[in-house]
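An overview of the molecular structure
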Amino acid sequence: QVQLVESRGGLVQPGGSLRLSCAASGSILRINRMGWYRQAPGKQRELVATISSGVTTNYADSEKGRFTISRDNAKNTVYLQMSSLKPEDTAVYYCNAHIIPMAWRSQNEYDYWGQGTQVTVSS
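Structural notes, computed from the coordinates. (Residues numbered from 1 in each chain as written. Predicted model: local features only at pLDDT ≥ 70, side-chain atom pairs only at ≥ 80, totals over all residues. Heavy atoms only, no water.)

1. Brief notes about the sheet that holds strand β8 (residues 77–82)
To be explicit about the condition: Any two strands between which DSSP finds at least two bridges are classified as paired. Only DSSP runs of H or I reaching four residues or more are called helices, and only runs of E reaching two or more are called strands; each is numbered from the N terminus. Interaxial angles span 0 to 180 degrees and are taken between N-to-C directions of axes, which are lines fitted to C-alpha atoms, for helices over the stretch in contact.
Spatially, the 4 strands line up as an open sheet ordered β1-β3-β8-β7, and their pairing is antiparallel. Each edge of the sheet is formed by a strand with only one pairing partner; in this case those strands are β1 (3–6) and β7 (67–72). The mean angle between the axes of side-by-side strands here comes to 20°, regardless of whether they run parallel or antiparallel. Of the strand pairs in this sheet, β7 and β8 are connected by 6 bridges, and their pairing is antiparallel. Bridge assignment links S70 to a residue of β8, and that residue is Y79.

Here it is, written out as structure tokens:
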């Protein structure tokens, strides 16, 4: 019932910028950590950035200073602002969220994933 819906990625020129968004919907009690991961062809999925239910953020070293993660708790939405994009940023980007769903006699946290959105950085 709970799902994460990501915005469309797109084709961006090197040095350009792009903002991704991901909205959680469904029967949700609480959203804890949210984040973004990416997977390039032939490589494992890797962490891009995470943000806590508050404002604590974590970035991979290669993205720190170029990417900014933020969230709007009122909209159950997490954002990834990407700047100074490089060809090596090309990947499928996945939204991730640790969510406690509404449940009878339970308050367990589950790990949810978006379906992924393609970001291509190329001239």
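2. Some words on the state of the cysteines
We count it as follows: What counts as a disulfide here is a pair of cysteine sulfur atoms lying within 2.5 Å. Exposure is judged per residue with a 1.4 Å probe applied to protein chains only, and the accessible area is read against the type maximum: over 50% gives exposed, under 20% gives buried, and values in between give partly exposed.
Applying the stated criterion to the full structure yields 1 disulfide. Two residues, C22 and C95, share a disulfide whose sulfurs are 2.1 Å apart. On the sign convention where negative means left-handed, the S-S torsion of about -85° between C22 and C95 marks this disulfide as left-handed. Of this pair, C22 sits in strand β3 (residues 18–25) while C95 sits in strand β9 (residues 91–101), and the two are 73 residues apart along the sequence. Accessibility classification places C22 together with C95 in one group, the buried group.

3. Remarks on the packing of aromatic side chains
To keep it simple, the criterion reads: Note on aromatic pairs: the rings of Phe, Tyr and Trp (six-membered ring only in Trp) are paired at centre separations within 6.5 Å, and the planes decide the class, stacked below 30 degrees, edge-to-face beyond 60, tilted for the rest. For a lysine, the NZ atom is tested; for an arginine, the CZ atom; a charge sits over a ring if that atom is within 6 Å of the ring centre and within 35 degrees of the ring normal.
Tallied over the entire structure, the rule returns 1 aromatic pair. Directly above the aromatic system of Y94 lies the positively charged group of R45, at a separation of 3.7 Å from the ring centroid. Positioned over the ring face of W113 is R45, at 4.8 Å from the centre of the ring.

4. What to know about the pairing of strand β5 (residues 46–51)
Both strand β4 (residues 28–39) and β5 contribute to a ladder of 5 bridges, which runs antiparallel. When the sheet's bridge partners are listed, G35 is paired in β5 with T50. Where β4 hands over to β5, the hairpin turn is made up of 6 residues, of which G42 adopts a positive phi near 80°. The pairing of β5 with strand β6 (residues 57–59) spans 3 bridges and is classified as antiparallel. The partner of I51 across the bridge, within β6, is T57. Here β5 hands over to β6 after 5 residues, the two strands then running antiparallel side by side.

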